[in-house]
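Listed below, chain by chain, are the residues.
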Amino acid sequence: LLLIMKQSILLAVLITACSARNNGLGRTPPMGWNTWCTWSSCLQPQNYSHAYHDVCSEDLVKSIAQEIIDNGMQEAGYTYINLDDCWEATERAADGSMQADPERFTNGTLKPLADWLHDRNFKFGMYTAAGEETCSTGNRTIPNNPDARGVPGSIGHYQQDANTYAAWGVDYVKMDWCTQLPNNGTLALAMAAALNNTGRPIWLNFHCDGTFAEWCPEAGNSWRMARDHHDNWEVTSAVIDQLKDLAPNAGPYHWNDPDFLMTGGAGCDDPTPGKRCPGQTDTEYRTEFSLWAMAAAPLLVSTDIRNMTSAMKEILLNTEIIAVQQDPLGQAGGLVDTPDCSAGEAACQVWARPLMDGSYAIALYNSGSIPTNATINLEFAGIEPGIQVEIRDLWTHSDLGLFPTSFQATVTSHETRMYRAKPRP
């Protein structure tokens, strides 16, 4: 039975991969870091044009990249260094090409930074918008348009911008919408074609229409399937509630993206480099990391990882959970059972995903407000009843023993316990 299940899963992966964007990128989901909430709060003031976040510079990005090397994150798999809506100048160049803000980046180009990152075995990503303007000016004023929401977007310049990205050595593009557009699918496919025309493989990420649309895997290597993920439990739990049912949409070369990890806390409303103002508990950050990994979602951190807390190190450098997220089978996981528990109706959730070596990743998530016990039925995870199964706890890094059909666990409020279950022959 296990062999038949494995063959069926592999066939499904091959079929879905055929419909994914054909640029050879994304056999497994990406890992890395993004500037968005690193140096200030992610919260938007009423006047979007002067958002506190979306501020970055070449020196700050280099300092983060060097820290990722020094603290072991790069070795663990975090290889993308991505700029959000913070790098672009407030105007295009005279020939219509995009240019970097010369006060933030050397000579108004991103190429020196890209070369510096590539020399250190990183991949380099950046941001654009599909329409007339981006979502933020990065706390700058646009010439002749003081009420502008953002800097120039890519509409009317898709191929020109794609050529610029390729010339700079960009490896990843996040395309935002920022304004209401009637033809998101057409625009995403147009940007995908423009990037492919450059001859340089470039990852494309964008918001899907809702949780999924057929054009999303045709155009992108990953797509956002929920609202922006801010550093508070209300938003995190809402994203999880959508993510739990989306496993069939993901697979090698095309991945559901629940947005950035907020591990350790985003920046503060009074922007100070290196200062974090956590909006969630360490338990909630562990849940975020666990369920992103279970869903085979990108692990892109958007907090300041310099001077990490012990909890940040425990979470972001958990190589056993990273191994699940990067499992080469590429079969995303999701909700398989809601066992009875005292935390409330359907408050306890069991997620599962099969892994390449024949084992299974299993997570028990308590969305309720009180601690509780719950039973994990191994059959719901896809394991044949009656087989002895080795259970390993991926947070405590301990072997729990052999179980034939089920095992019990205690989970505190908003906690996720994560396991690797290996059937014995």
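Worth saying up front: this structure is predicted, and the values here are computed from it rather than measured. (Residues numbered from 1 in each chain as written. Predicted model: local features only at pLDDT ≥ 70, side-chain atom pairs only at ≥ 80, totals over all residues. Heavy atoms only, no water.)

Okay, the side chain of arginine 306 next. Among the secondary structure elements, arginine 306 is positioned in the loop between β8 (299–301) and α10 (310–316). A relative accessible area of 18% means that arginine 306 is categorised as buried. A distance of 2.8 Å separates a polar atom in the side chain of arginine 306 from a polar atom in the side chain of aspartate 304. (Helix = DSSP H or I, 4+ residues; strand = E, 2+ residues; numbered from the N terminus. Buried < 20%, exposed > 50% of the residue type's maximum accessible area, 1.4 Å probe, protein only. Polar contact = N/O pair within 3.5 Å; in protein donor to acceptor, adjacent residues only side chain to side chain.)

With 106 residues, the main nonpolar core has Tyr78, Trp87, Phe206 and Phe289 as its most contacted residues. Here phenylalanine 289 is in contact with Tyr78, Leu261, Leu299, Ile315, Leu316, Asn318, Ile321, Ile322 and Trp395, once residues within four sequence places are set aside. If you look at the next biggest cluster of nonpolar residues, it comprises 21 residues, including Cys348, Ala374, Val389 and Ile391. (Core = buried A, V, L, I, M, F, W, Y, C linked by side-chain atoms within 4.5 Å. Contact = heavy atoms within 4.5 Å.)

With that settled, the discussion passes to the environment of glutamine 280. Relative to the assigned elements, glutamine 280 resides in the loop between β7 (255–257) and α9 (282–294). On a C-alpha basis, the gap between glutamine 280 and threonine 236 in space is 9.3 Å, while along the polypeptide they are 44 residues apart. Beyond its immediate sequence surroundings of up to four residues, glutamine 280 is in contact with His229, His230, Asp231, Asn232, Trp233, Thr236, Met262, Tyr285 and Glu288. At 3.1 Å, the side chain of glutamine 280 forms a polar contact with the side chain of aspartate 231.

Looking at the secondary structure, you find threonine 272 in the loop between β7 and α9. For the pair threonine 272 and serine 302, spaced 30 residues apart in sequence, the C-alpha to C-alpha distance is 15 Å.

Right, let's get into the pattern of salt bridges. Under the criterion given, the structure shown has 18 salt bridges. Residue aspartate 101 pairs with arginine 140 through a salt bridge whose shortest N-O separation is 2.7 Å. One end of the pair, aspartate 101, is in the loop between β2 (80–82) and α4 (111–119); the other, arginine 140, is in the loop between β3 (123–129) and α5 (158–168), and 39 residues separate them in sequence. Each member of the pair, aspartate 101 as well as arginine 140, carries the same accessibility label: buried. Each member of the salt-bridge network shares a partner with another, and the members are Asp101, Arg104 and Arg140. (Salt bridge = Lys/Arg side-chain N within 4 Å of Asp/Glu carboxyl O.)

Within the open sheet, the eight strands sit side by side as β7-β6-β5-β4-β3-β2-β1-β8. Their pairing is parallel. Looking at strand neighbours, the two that pair on one side only are β7 and β8, the edges of this open sheet. Strand-to-strand twist of the sheet, defined as the mean angle between neighbouring strand axes without regard to direction, takes the value 25°. One ladder, built from three bridges, connects strand β1 (residues 31–34) with β2; its direction is parallel. Residue pairing across strands places glycine 32 opposite tyrosine 80, the latter belonging to β2. (Pairing = 2+ DSSP bridges. Axes fitted to C-alpha atoms, helices over the stretch in contact; angles between N-to-C directions.)

The buried count for strand β4 (residues 172–176) comes to five of five residues, which makes it a mostly enclosed element. With burial as the criterion, each face of β4 is covered, one bearing Tyr172, Lys174 and Asp176 and the other bearing Val173 and Met175. With five bridges joining them, β3 and β4 adopt parallel strand pairing. By the bridge assignment for β4, methionine 126 is matched with valine 173. Each parallel crossover has a hand, and for β3 linked through α5 to β4 it is right-handed. Bridge count between β4 and strand β5 (residues 203–207): four bridges; the pairing is parallel. By the bridge assignment for β5, tyrosine 172 is matched with tryptophan 203. With helix α6 (residues 184–197) bridging β4 and the parallel β5, this β-α-β connection has right-handed handedness. (Right-handed = clockwise from strand over helix to strand, strands pointing away.)

Moving on, we get to α6. The first and last C-alpha atoms of α6 sit 20 Å apart over 14 residues, in line with the 20 Å expected at 1.5 Å per residue. Those residues of α6 that fall on the buried side of the exposure criterion are Asn184, Gly185, Leu187, Ala188, Met191, Ala192, Ala194 and Leu195. Next to the buried residues of α6 lie β3, α5, β4, β5 and α7 (215–219). Directly beyond the C-terminal end of α6, a positive phi value near 85° is found at glycine 199. (Expected span 1.5 Å × (residues − 1).)

With that settled, consider the side chain of glutamine 74. In this fold, glutamine 74 is placed in helix α3 (residues 73–76). When neighbours within four sequence positions are excluded, glutamine 74 is seen to be in contact with Ile68, Ile69, Arg120, Asn121 and Phe122.

Attention now moves to the sheet that holds strand β10 (residues 348–354). Note: strands within a sheet are paired through backbone hydrogen bonds, in either parallel or antiparallel orientation. Strand order in the open sheet formed by six strands is β9-β10-β11-β16-β13-β14, with antiparallel pairing between adjacent strands. Both outer strands of the open sheet, β9 (334–337) and β14 (398–403), are each paired with one neighbouring strand and no more. Within the sheet, the average angular offset between the axes of one strand and its neighbour, ignoring direction, is 30°. Sheet analysis places strand β11 (residues 360–366) next to strand β16 (residues 416–423), joined by six bridges and oriented antiparallel. The residue bridging alanine 363 from the neighbouring strand is methionine 418, located in β16.

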